[in-house]
Amino acid sequence: MTKLIATVFDLRQHVAIWKAKGETLGLVPTMGALHAGHLSLVRAARAACDRVIVTIFINPTQFNSPQDLAAYPRTEAADVALLAPLGVDVIFAPPPDQVYPTGFSSQITVSGVADPLEGALRPGHFAGVATVVAKLFGMTQADRAYFGEKDWQQLQVVRRMVTDLNIKTEVIGCATLRETDGLAMSSRNARLSAQARSAAPALYAAMTAAASAITTGRLSSDMALKAAENALHQAGFAPVEYLVLCDGETLQPSTDLKRPLRLLAAAWIGGVRLIDNIAVTPVS
Ligand code: PAF
């Protein structure tokens, strides 16, 4: 039976009982508006841990504008209904003052990996993410926490923070779930018009074409990225904010095929900002 909990006090009581019995605890942090991608994280947690906590908290400190925060979909009843059949033990959906009590004045900033790409375009975003994730780790004492690879830079930022701050929670990255036409699953896809939705798979198609041209040596990385950017403009994406080949861990630009490389993109279609990323692995 899934319990819906709103206070840190109640959450801690459950956690204390489970920990006393030596049970392992898996955490899936979310901001709600759940889709199949989130549910795959929950299934991964369910398969590996004795207890599963899903948090639903629309974290105000990671939004760049009050308008963005206000526009974020709030679908708690539907989210709870989606989670109930998956054997989740606790859904923790706190009000903001449970997470940020009066006088709250602490922040975790991760530099380096958090600086480029999303960090440069959305100042303060990753400080908001790192701070709330550290708080959720502290509140739940989770043994493992599950994050989607869809937000690749976020995953690297959380990994960096956990290493740097000696946090015991193990961070598990789970593969991006895609629609049959390749579009990465995202809460934002619901905002796409029919026309934008039919053009949106061009993002993944352009990225996979570029990755293949680079790994087979058919094109230099510069030429492959240029071709991909042209393909995106042709499909109606504007602007393309970034389409870059990076070291998968540091997020620094790299073309060193001996390192785990990642191709990351952010681009707008029909007024909706989409992000995606894929591995660029040499063909052996
Ligand atoms: O990926 C998200 O949904 C959020 O950034 C997270 C990790 C739940 C923190 O608010």
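You'll find the structure just up there.
Residues numbered from 1 in each chain as written. Predicted model: local features only at pLDDT ≥ 70, side-chain atom pairs only at ≥ 80, totals over all residues. Heavy atoms only, no water.

Draft legend 1. View of the overall build of the chain. Per the secondary structure count, the chain includes 11 helices and 9 strands. At 19 Å, the chain has a C-alpha radius of gyration in line with the 19 Å of a compact globule built from 284 residues. Considering only C-alpha atoms, the chain reaches an extent of 60 × 40 × 40 Å along its principal axes. A buried classification covers 49% of the 284 residues belonging to the chain. Sequence-distant contacts, at least 24 apart, represent 72% of the contacts inside the chain between residues at least 6 apart. Entry remark: accessible area of the chain is about 13200 Å², with carbon and sulfur atoms responsible for 55%. Where the 25 positive side-chain charges of the chain centre and where its 24 negative ones centre are 2 Å apart. (Helix = DSSP H or I, 4+ residues; strand = E, 2+ residues; numbered from the N terminus. Rg over C-alpha atoms; globule rule 2.2 N^0.38 Å. Buried < 20%, exposed > 50% of the residue type's maximum accessible area, 1.4 Å probe, protein only. Contact = heavy atoms within 4.5 Å. Areas by Shrake-Rupley, 256 points an atom, 1.4 Å probe, with all protein chains shown as cover. Lys, Arg positive; Asp, Glu negative; His and termini not counted. Charge placed at Lys NZ, Arg CZ, Asp CG, Glu CD.)

Draft legend 2. Region of interest: the pattern of salt bridges. The final tally for this structure, using the stated rule, is 15 salt bridges. Notably, a salt bridge pairs D89 with R46, separated by 3.2 Å at the nearest N-O pair. Of this pair, D89 sits in the loop between α4 (76-83) and β4 (90-92) while R46 sits in helix α2 (residues 36-48), placing them 43 residues apart in sequence. Judged by its relative accessible area of 13%, D89 falls in the buried class. Among the residues examined, R46 registers a relative accessible area of 27% and is labelled partly exposed. (Salt bridge = Lys/Arg side-chain N within 4 Å of Asp/Glu carboxyl O.)

Draft legend 3. Examining the site of the ligand more closely. Taken together, P29, T30, M31, N59, Q62, V132, F147 and Q154 are the residues near the ligand. Here an oxygen atom of the ligand sits 2.6 Å away from a polar atom, N or O, in the side chain of Q62. Among the residues making up the shell around the ligand, the classes are represented as 4 nonpolar, 4 polar and no charged. (Near = heavy atom within 4 Å. Polar contact = N/O pair within 3.5 Å; in protein donor to acceptor, adjacent residues only side chain to side chain. Nonpolar A, V, L, I, M, F, W, Y, C, P; charged D, E, K, R; others polar.)

Draft legend 4. Spatial organisation of the sheet that holds strand β5 (residues 144-148). Taken in spatial order, the 6 strands line up as β1-β4-β3-β2-β5-β6 in an open sheet, and their pairing is parallel. At either end of the open sheet lies a strand with only one pairing partner, and these are β1 (3-5) and β6 (170-174). Pairwise comparison of adjacent strand axes, ignoring direction, gives a mean angle of 25 degrees for this sheet. Sheet analysis places strand β2 (residues 25-30) next to β5, joined by 2 bridges and oriented parallel. Opposite L27, over in β5, you have A145 as the bridge partner. The strands touched by α2 are β2, β3 (51-56), β5 and β6; relative to β5, the strand with the most contacts, the crossing angle is about 155 degrees. (Pairing = 2+ DSSP bridges. Axes fitted to C-alpha atoms, helices over the stretch in contact; angles between N-to-C directions.)

Draft legend 5. Representation of the packing of helix α10 (residues 202-215) against helix α11 (residues 221-235) within the structure. Where α10 meets α11, the axes come as close as 9 Å, and the angle between the chain directions of the two elements is 165 degrees. It follows from the interaxial angle that α10 and α11 lie roughly antiparallel. By crossing handedness, the relation of α10 to α11 is classed as right-handed. Residue-level inspection shows A202, L203, A206, A210, A213 and I214 of α10 in contact with α11, the latter providing S221, A224, A228, A231, L232 and A235. Residues belonging to the contact of α10 with α11 are distributed by class as follows: 11 nonpolar, 1 polar and no charged. (Parallel < 35°, antiparallel > 145°, perpendicular 65-115°, else oblique. Left-handed = near helix turned anticlockwise from the far one by under 90°.)

Purely geometric stuff here, so don't read any function into it on its own.
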